[in-house]
2 protein chains.
Amino acid sequence: MKTYRYPFFPGPTSVSENVLHVGLTNFGSADVEPEFLDLYKKCVIDLQKILNTKSDVVIMTGEGMLVLWSGLKSCLEPGDKVLAISTGIFGTGIGEMAKSIGCEVKTIEFPYDCSFEDHFLIEKTIAEFKPKMITAVHCETPSGILNDLTILGKLKKMYKVPLFYVDAVASVGAVHINADKHNIDLCLGGSQKALSVPANSCFMSVSDKAWSIIEEVGYQGYDALLPFKDVKTTGFFPYTPSWVNIAQLYQSTQNIFVEGFENVVKRHENCSKNVIKKLKEAGIKLFPRDEKYSSPTVTAAYIPDGFTWEEYDKMMREKGIVFGGNYGELEGKVFRIGHMGTQTNFEELCLF
Amino acid sequence: MKTYRYPFFPGPTSVSENVLHVGLTNFGSADVEPEFLDLYKKCVIDLQKILNTKSDVVIMTGEGMLVLWSGLKSCLEPGDKVLAISTGIFGTGIGEMAKSIGCEVKTIEFPYDCSFEDHFLIEKTIAEFKPKMITAVHCETPSGILNDLTILGKLKKMYKVPLFYVDAVASVGAVHINADKHNIDLCLGGSQKALSVPANSCFMSVSDKAWSIIEEVGYQGYDALLPFKDVKTTGFFPYTPSWVNIAQLYQSTQNIFVEGFENVVKRHENCSKNVIKKLKEAGIKLFPRDEKYSSPTVTAAYIPDGFTWEEYDKMMREKGIVFGGNYGELEGKVFRIGHMGTQTNFEELCLF
C-alpha cells in the first residue's frame, strides 16, 4: 500500500499507534463475557465527559453516517416538522435525509463560507414553524466551518423545541462540545476524525426527552436507538457488538485524558492558527470569509491559482503530503487540510 | 482480559492470526486512494466465489444484522407479501422484521429441531399467497440446523417469486452455498462466523432482479443497498468505507483459497462428525432430531442431565473451554458448540 509521510486528509485520520495495537488482541465474544459490558460502560463515561453531557451515550457499529440516520429515523415520523440549519453540505444533507423519511422540512441555508449569521431569521422561523427537531452541524468538514451552537441551544430552550440534533462528527474529541449547556438532545460523533480510530464506530448522546420520543416512535432497524435503551443494565445488545471496535474507541478516549482535554483542544487551535498562517504566507486564500469561522480540526482553502486540484494534489503527494479534495459545489475549487487527532504535526510542512 | 484456550462460541469466532495482523496497518483514506477500490473489488470477487454467484456483492460496515435489515428494507414496501420459512429463531425473526416494515407476512414455522419438512405445505402456500419475497435461513445458529435450500430454490423459480432472501451468516465460508443454483437473489453473510474476522463487516449478493426492485423501491438509509449499485465503477460510497475492515475480510477469503475451499468444507464436516461422536460418548443428547440436520458449523445439544447451563458453562470454562448458551425458548435447555473458521480444533477436547 502506498503511504504518505504527512497524511492530512480530513478523515479517516491516521490511526494512533496504541489504537492499532489494541487490534492485535483476540477478544472473546462480546455477547457472553461480562468484561465486555464493563468496557462498554467505561467508554460511555469517557464519551459523556468529551461531550460534556449527563445524558446516556449509545455506541454503534458502523460509520458516522449510521448515527446521522439513526438520530433522525429513531425520533421522527412522516409529517413531523424539522428545521435544518445549514452552513454547508452536511447541514443541507441532513434536511434531505429527514425529507426522505417523509418529514416536513424547512432548511435555512447560510452561505458555505460563514456560520449562522441571521439569528433573527432563525428565531422567527422557529416561532412560526414550531419544529419537532432542529438539526445543525458543529463542524462542516467540506467547508472547514465551525458553528457556534450557543444561539441555537438558547432558542431551542426558549421555544420549547422537543429535539436538538447536532452532528459533531468532525469536532468531537478536538473541540469543546457542551451538549448539556447547549440543550442538545442528540449529539453525534464518529470514530474516524479527531479520535483517530478506524471508520467503523459511531456514537450519540441521547437525552431523557429524546428517549421518551424514541419510545413513542418505536422505530425498528439496524440503526434503531430503542433497542439500546437498557443495554447498560441488561447487557443485551440488538446485535453482537464488535469488542475490538469498543476497545479501540476506549483507547482513543483514554489517550485524550492522558494528554489532558484542555491540552488537546489547545493543540488543535495552535495547529489551525499555524495552518492559516502558512496559507497566508503561501498566498493561498482561506475559504471561510473570516478566520473566526475556521474549524480547529480542518481548514478549507481555495486551490492555488494556476493549479487544478489534480495538479496541486499530485505535487503535494510527491512531497509526501496528502490533503483532501472536495465535492458538491466546492469540487475543483476548494481543498481541505485535515488537522485533527494524530494529524496536528503541521510545523514542518511546506505548502508549495 | 480473560482468555480461554478453547473458544467454541458460535460467533464471533476467534480471529485468525494473519487477520489480526492486517489490523496493524495504518491504512489511508478509503475515500481518495484508488488502491482501496481495487481491494474492495478483489474482495467482491472472492465473496462471489464463496457464494457461487455471478451476482454483484455489496460489502457494508456493520454487524450481520445490518444486511438482514438491508435486504428487507431495500426491497420491500408496506403491503408487500413476504413468506418467511422458519426452522428457528432467526427464520421467525426475519418475518417479524418484515412485519415491522408493514409487509403482509406469512410464516411457516417448522419445529426447531429439524428442517423444512413439509414441501407440499410450502408449495401450496407459495401458489396461493403469491409472495414478493421468500425468506429462509441457511444455518440456524441457536438450534444448530443446516437447511437444504434446494426445494425453496426450485419453488421460487417454478412460481416466479420475484425475490429469494437467504441468511447465510452462520454458514458462509464453511459450507457449500450455491446462490445461483438455488436462485437466491439476496444471499447474506457476516464476517464473525466461519470467516473469523471481527464482528464489523457484512455483505450480500444482489441479483439483477433484486437491483431492479431496489431501484423501484428507492429506499434510503444507512442500510440502503441502492447507493451501492455503482460503487465498483464510480468509487463513490454512501459513507466512508473502513479500509481495515475490507482488508481483514479479504485476508480471510484469501486464507480460505490458500487452504482450498473443498478442504475447508471437509474440515468443518469432519469436525462436526467428531463433535457429535464425542457428545454421544459423553451421553449428551444432540438437539437436532436427526444428525442429518446438524450444521457443520455449529452443534446444538441438550445441557447434560444434572447441570444448569450456568453450572456446565462454569465447569467447562475451568477447563479453558467456552461454549455458547442459548436464548428464546431454547434458553437454559440447549447449549451450542461453535466449530467454524478457526475453531475446528476439537480433537483434544473432553466434554466432561
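Refer to the structure above for everything that follows.
These numbers come from a predicted model, not from an experiment.

1. Side note on the interface of chain B and chain A
Listed by partner, the interface residues are 48 residues for chain B and 48 residues for chain A. Carbon and sulfur atoms supply 59% of the area buried between chain B and chain A, which totals about 3700 Å² over both sides. Inspection of the chain B/chain A interface yields two salt bridges. Across the pair B:Arg317 and A:Glu33 runs a salt bridge whose closest N-O atoms are separated by 3.0 Å. Inspection of the region where chain B meets chain A yields 14 residue pairs in polar contact (both at pLDDT 80 or more).

2. Digging into the packing of helix H5 (residues 119-129) of chain A against helix H6 (residues 150-158) of chain A
Residue and element names in this part refer to chain A. Two numbers describe how H5 lies on H6: the axes approach to 11 Å, and their chain directions differ by 25°. Classified by the angle between their axes, H5 and H6 sit roughly parallel to one another. In the crossing of H5 with H6, the sense of the turn from one axis to the other is right-handed. Between H5, through His119, Ile122, Glu123 and Ile126, and H6, the contact on the second element is made entirely by Ile151, Leu152, Leu155 and Met158. Residues belonging to the contact of H5 with H6 are distributed by class as follows: six nonpolar, one polar and one charged.

3. Points about the side chain of A:Ser201
Residue and element names in this part refer to chain A. Its location among the elements puts Ser201 in strand S10 (residues 201-206). For Ser201, a relative accessible area of 1% translates into the label buried. At 3.4 Å, the side chain of Ser201 and the side chain of Asn245 are in polar contact. If we skip the residues at most four places from it in the chain, Ser201 touches Met60, Gly62, Gly190, Ser191, Asn245 and Leu249.

4. Description of the relation of the copies chain B and chain A
With an RMSD of 0.0 Å, the fit of chain B onto chain A corresponds to turning through 180° and sliding 0.0 Å along the axis. What the superposition gives is, in effect, a two-fold axis relating one chain to the other. Distance from the rotation axis, computed per C-alpha, reaches its smallest value in chain B at B:Gly62: 2.4 Å.

5. Some words on the sheet that holds strand S3 (residues 81-86) of chain B
Residues and elements named next belong to chain B. The sheet built from seven strands is open, its strands ordered S2-S10-S9-S8-S5-S3-S4 with mixed pairing. Taken across any chain shown, the strands that pair with only one partner, and hence form the sheet edges, are strand S2 (56-61) and strand S4 (104-109). The sheet shows a mean angle of 20° between the axes of neighbouring strands, direction not considered. As paired elements, strand S8 (residues 163-167) and strand S9 (residues 186-190) share three bridges and run parallel to each other. Directly across from Tyr165, in S9, lies its bridge partner Leu186. Contacts between helix H2 (residues 34-51) and the sheet are confined to S2, S9 and strand S10 (201-206), with S2 contributing the most and set at about 115° to the helix. Taken strand by strand, helix H4 (residues 89-100) contacts S3, S4, strand S5 (133-137) and S8, and its axis lies near 165° from that of S3.

Rules behind the numbers
- Residues numbered from 1 in each chain as written.
- Chains lettered and ligands numbered in written order.
- Predicted model: local features only at pLDDT ≥ 70, side-chain atom pairs only at ≥ 80, totals over all residues.
- Heavy atoms only, no water.
- Contact = heavy atoms within 4.5 Å.
- Buried area = accessible area lost by both parts, 1.4 Å probe.
- Salt bridge = Lys/Arg side-chain N within 4 Å of Asp/Glu carboxyl O.
- Polar contact = N/O pair within 3.5 Å; in protein donor to acceptor, adjacent residues only side chain to side chain.
- Axes fitted to C-alpha atoms, helices over the stretch in contact; angles between N-to-C directions.
- Helix = DSSP H or I, 4+ residues; strand = E, 2+ residues; numbered from the N terminus.
- Parallel < 35°, antiparallel > 145°, perpendicular 65-115°, else oblique.
- Left-handed = near helix turned anticlockwise from the far one by under 90°.
- Nonpolar A, V, L, I, M, F, W, Y, C, P; charged D, E, K, R; others polar.
- Buried < 20%, exposed > 50% of the residue type's maximum accessible area, 1.4 Å probe, protein only.
- Least-squares fit on C-alpha atoms with pLDDT ≥ 70 in both.
- Pairing = 2+ DSSP bridges.

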